[in-house]
Amino acid sequence: MGMKMILSKSALLFKGNFNTSYFLKTHLSFSQFGVGFGAHNSFLASFIHSNSYTSDHDEHPKSKYQKVTNLDHALYLFDEMSQRRPFLSIIDFTQLLQSVTKMKHFSHSLDMFKQMCAIGVPVNKFTMSIAIKCCCQLHRTNDTFAILAYCFRRCIVPNVFIFSALLDGLILEDRILEAEIFFKKLIKDNICGPNVVMYNTMIKGLCKFGHNDIAIQLLRHIDERGCKPDVVTYSTIIDSLCKDKLIDEAFKLFKEMVFKKGISPNVITYNSLIDGLCKLGRWEEAPKMLQEMLDVGISPNVHTYNILIDAFCKEDKIEEAENLVDIMLERGIVPNIVTYNSLIDGYYLRGEIVGEIASPI
DNA sequence: TTAGGGTTAG
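It should be emphasised that the depicted structure is a prediction, and the values quoted were computed from it without experimental measurement.

Novice: Which residues make up the packing of aromatic side chains, and what are the values?
Specialist: The tally for this structure, following the rule as stated, stands at 8 aromatic pairs. With centroids separated by 6.2 Å and ring planes inclined at 80°, the aromatic side chains of Phe-87 and Phe-93 adopt a geometry described as edge-to-face. Taking the relative accessible area as the measure of exposure, Phe-87 reaches 25% and is therefore partly exposed. Through a chain of ring-to-ring contacts, three or more aromatic side chains come together here, namely Phe-78, Phe-87 and Phe-93.

Structure representation (structure tokens):
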């Protein structure tokens, strides 16, 4: 099998089914929640700068459990900790659990959590919320509800972190109806006062299912509840509007966020808008947005460049895409697999990749 | 001195 690729310079714990409906008895109607691009200029830059703040990152040094980046090392440490008596602090255990979770070894994290419970480590709300997150990432939300039941048995009252993780799990599994019912029940029965993260999670779910209008209603509702929407709230809806090709609506919300609410956009907000412009073929405006980002002091990241590179490649503008790769490299941003996949697609569309591609293995 | 949310391809 031969390979001939012509790429130019860029070629380079808890078993059992907990009954979710136990928590969702009350079914409420969600209906109770009930400018186009081009006006950006230096005023925007000054406005955003005036609303930005810098924080001193005077963080505490990381513990050895927080520094772990290797699974085998983490498991070794855990084994060592499990055998020590008296137990180390629950903070040490939780930090190690979090490190394994950050490595995305969710099954191992859950196994560790179960082991902690089995040997009697006094798990707390922090530990619980990490375990629930792991369950959700593994698409095992029903097991998550079992952990919640375990919370109650141990007299650990779930808090907004734990409920938000649960809500996120339902949304991840596309169980939007249950998510809505659950969310409303938490509020109606005063089980948990939602904060902006929980609202954002619900808004993400609504957007995921195309309910932009209800998401915007919920955005209005946040203010009425005395909670403040933030850049994630707006960016989530802006992104959804862009994906639904409602770019003018997205820019309207963008302006509301910046000028009315005084919330500074970030690189993710801009990425969504640039992607929306590219996918609608508004080629004049996308580079302007990139320039605007730079003007307001927001550095494009690998996502930003990938969005533009992919769009150029799909439009047979390979040279422009290659120029962007050069700019990325000059700015110290390393192209990743998405960058190369987009470029390969572009070359393929142009017919510059011929023959069969042999397996490299 | 321990926990949560939004962006890119296929």
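Novice: Run through the UniProt feature "repeat: PPR" (unreviewed entry) in chain A, naming residues and quoting values.
Specialist: Sites flagged by UniProt as "repeat: PPR" (unreviewed entry) map to residues 195–229, 230–265, 266–300 and 301–335. Structurally, residues 230–265 is divided into 75% helix and 0% strand, and its ends, taken at the C-alpha atoms, are 9 Å apart. Note that residues 266–300 is 69% helix and 0% strand, and that its end C-alpha atoms are spaced 10 Å apart.

Novice: Account for the protein's contact with DNA strand B, with residues named and values stated.
Specialist: Every one of the 43 residues lining DNA strand B counts as a neighbour, but Asn-200, Asn-271, Asn-306, Lys-314 and Asn-341 are closest to it. For DNA strand B, the backbone portion of the atoms within 4 Å of the protein, that is sugar and phosphate, comes to 37%. A distance of 3.2 Å separates a base nitrogen of DNA strand B from a polar side-chain atom of Ser-164. In the environment of DNA strand B, a base nitrogen lies 2.7 Å from a nitrogen or oxygen atom belonging to the side chain of Ser-235. Every element with two or more residues in the surface near DNA strand B is listed here: helix H3 (90–102), helix H5 (125–137), helix H7 (160–172), helix H9 (196–208), helix H11 (231–243), helix H13 (267–279), helix H15 (302–314) and helix H17 (337–350). Considering each element in turn, the surface near DNA strand B owes the most residues, 6 residues, to H11. In terms of residue class, the surface near DNA strand B is built from 12 nonpolar, 21 polar and 10 charged.

Novice: Describe helix H8 (residues 176–188), and please don't skip the residues or the numbers.
Specialist: Look at H8: 18 Å from first C-alpha to last across 13 residues, which is about the 18 Å you get at 1.5 Å a residue. In terms of residue burial, H8 counts as a mostly covered element, since 10 of its 13 residues are buried. Among all positions of H8, only Ile-176, Ala-179, Glu-180, Ile-181, Phe-182, Phe-183, Lys-184, Lys-185, Leu-186 and Ile-187 are buried. Next to the buried residues of H8 lie helix H6 (141–153), H7, H9 and helix H10 (212–224). Immediately beyond the C-terminal end of H8, within one or two residues, lies Asn-190, with a positive phi of roughly 55°.

Novice: Explain the side chain of Ser-235 to me, and be specific about the residues and the numbers.
Specialist: By the element assignment, Ser-235 lies in helix H11. One polar contact links Ser-235 to Thr-269, side chain to side chain, over a distance of 2.9 Å. The contact partners of Ser-235, leaving out residues within four places of it in the chain, are Asn-266 and Thr-269.

Novice: Give me the environment of Lys-208: which residues, what numbers.
Specialist: Relative to the helices and strands, Lys-208 resides in helix H9. For the pair Lys-208 and Phe-126, spaced 82 residues apart in sequence, the C-alpha to C-alpha distance is 28 Å. Once you skip the residues sitting within four places of it in the chain, Lys-208 turns out to touch Ile-171, Leu-172 and Asp-174. A polar atom in the side chain of Lys-208 sits 2.8 Å from the backbone oxygen of Ile-171.

Novice: So what's going on with the environment of Asn-336? Which residues, and what values?
Specialist: Take Asn-336: it is sitting in the loop between helix H16 (318–330) and H17. Once the C-alpha coordinates of Asn-336 and Val-196 are considered, the two residues, 140 residues apart in sequence, prove to be 32 Å apart. With residues near it in sequence (within four places) discarded, Asn-336 still touches Val-302 and Asn-306.

Novice: How would you sum up the pattern of salt bridges? Please name residues and give values.
Specialist: Charged atoms that come close allow side chains of opposite charge to pair. Under the definition given, this model contains 17 salt bridges. Note that Asp-239 and Lys-243 form a salt bridge whose closest N and O atoms lie 2.8 Å from each other. Taken as a pair, Asp-239 and Lys-243 lie in helix H11 at a separation of 4 residues, close to a single helical turn. Given the relative accessible area of 23%, Asp-239 is considered partly exposed. Salt-bridge contacts for Lys-279 lead to Asp-275; the nearest nitrogen and oxygen are separated by 2.7 Å. Here Lys-279 pairs with Asp-275, and both are found in helix H13, just 4 residues apart, close to one helical turn. A residue is classified by how much of its surface remains accessible, and Lys-279, at 54% relative accessible area, is exposed. On the basis of relative accessibility, which here comes to 15%, the residue Asp-275 falls in the buried class.

Calculation rules
Residues numbered from 1 in each chain as written. Chains lettered and ligands numbered in written order. Predicted model: local features only at pLDDT ≥ 70, side-chain atom pairs only at ≥ 80, totals over all residues. Heavy atoms only, no water. Phe/Tyr/Trp six-rings, centres within 6.5 Å; stacked < 30°, edge-to-face > 60°. Buried < 20%, exposed > 50% of the residue type's maximum accessible area, 1.4 Å probe, protein only. UniProt positions renumbered as here; feature names shortened; annotations may be inferred. Helix = DSSP H or I, 4+ residues; strand = E, 2+ residues; numbered from the N terminus. Near = heavy atom within 4 Å. Polar contact = N/O pair within 3.5 Å; in protein donor to acceptor, adjacent residues only side chain to side chain. Nonpolar A, V, L, I, M, F, W, Y, C, P; charged D, E, K, R; others polar. Expected span 1.5 Å × (residues − 1). Contact = heavy atoms within 4.5 Å. Salt bridge = Lys/Arg side-chain N within 4 Å of Asp/Glu carboxyl O.

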